[in-house]
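Understanding the architecture of this molecule
This is what each chain is made of:
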Amino acid sequence: MFDWIKNLNKEYPDFWKNYISKFEKRTPRFVVLSTETTGLNPAKDVILSFGAVAVLNNCIVISDCFEVILLQYKFLHDNGLSNEFIVESKQPKLGEREAIQAFIEYIGNAILVGHRIHFDVAMINEALEKLDCGRLKNEALDIEIMHRKLLDITDKQFSIDELSKIYKIAKSDRYSSSEDAYSIALLFLKLKAKLGLN
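Residues numbered from 1 in each chain as written. Predicted model: local features only at pLDDT ≥ 70, side-chain atom pairs only at ≥ 80, totals over all residues. Heavy atoms only, no water.

Remarks on the nonpolar core
Keep this limit in mind: Nine residue types can take part in a nonpolar core, namely buried Ala, Val, Leu, Ile, Met, Phe, Trp, Tyr and Cys, and a core is a set of them joined through side-chain atoms within 4.5 Å. Partly exposed describes any residue whose relative accessible area lies between the buried limit of under 20% and the exposed limit of over 50%, with all areas from a 1.4 Å probe on protein chains only and scaled to the type maximum. Under the scheme used here, helices are H or I runs from DSSP no shorter than 4 residues and strands are E runs no shorter than 2 residues, and both carry numbers assigned from the N terminus. Working rule for contacts: check all heavy atoms of both residues, and any pair within 4.5 Å makes them a contact.
Counting 30 residues, the largest nonpolar core has Phe 50, Ile 100, Phe 103, Ile 104, Ile 107 and Leu 136 as the members making the most contacts within it. Elements represented by at least two residues in this core include exactly helix H2 (14-21), strand S1 (30-37), strand S2 (47-56), strand S3 (59-71), helix H5 (96-107) and helix H6 (117-130). The element best represented in this core is H6, accounting for seven residues. Setting aside chain neighbours within four positions, we find Ile 104 in contact with Phe 15, Trp 16, Tyr 19, Leu 128 and Leu 136.

This is the structure in structure tokens:
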């Protein structure tokens, strides 16, 4: 009944306290994010990988990137799914707790950018809840919404592939969260310029 009292006295992990302290000032840094998940239900599914790259002063900062595979063996085993993706991938691998913590430390107070970013945020918030943390505090921008705003339409959805064709951005044949994040970053810069956003 008095959950707010419990939350008020909750002792958060140090990495989360450090994250919250970063929001005392604004940042010009954007973090373009893509996740791969086991499905589309944040309450039941889990994140398999993160790919992210920073954008600063209208430039993609390749040296400021984040890429990790989450070791979700238990989820995959319990649901009869293959872990071939995890085993074969050459990307860095971490347990869910370590990966989420590393991701939170990486993003800081950056503005998050993605394609249907509300889904990525919901998945991350579910993972954070397991770690006894609060919800993400970052502002978020969605490239699909930016595109619809540019065209003044509300009743059509656009995949990353469709947006890439419209804005003449070559897509990589090799799929990964990081490749997607890079494509989204290019789309973001084009849309930002077309919408006249600084």
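What to know about the packing of aromatic side chains
Worth spelling out the cut-off: Aromatic pairing here means that ring centres of Phe, Tyr or Trp (its six-membered ring) are within 6.5 Å. Orientation follows from the plane angle: under 30 degrees is stacked, over 60 is edge-to-face, and everything else is tilted.
Under the criterion given, the structure shown has seven aromatic pairs. Look at Trp 16 and Tyr 19: their rings are 4.7 Å apart centre to centre, the planes differ by 40°, and that puts the pair in the tilted class. With Trp 16 and Tyr 19 both in helix H2 and three residues apart, the pair spans about one turn of that helix. Side by side, Trp 16 and Tyr 19 carry an identical accessibility label, which is buried. Look at Phe 30 and Phe 188: their rings are 5.0 Å apart centre to centre, the planes differ by 55°, and that puts the pair in the tilted class. With Phe 30 in strand S1 and Phe 188 in helix H9 (residues 177-194), the pair connects residues that are 158 residues apart, well separated along the chain. Using a relative accessible area of 11% as the deciding quantity, one classes Phe 30 as buried. Pairwise contacts between aromatic rings join Phe 50, Phe 66, Phe 103 and Tyr 106 into one cluster.

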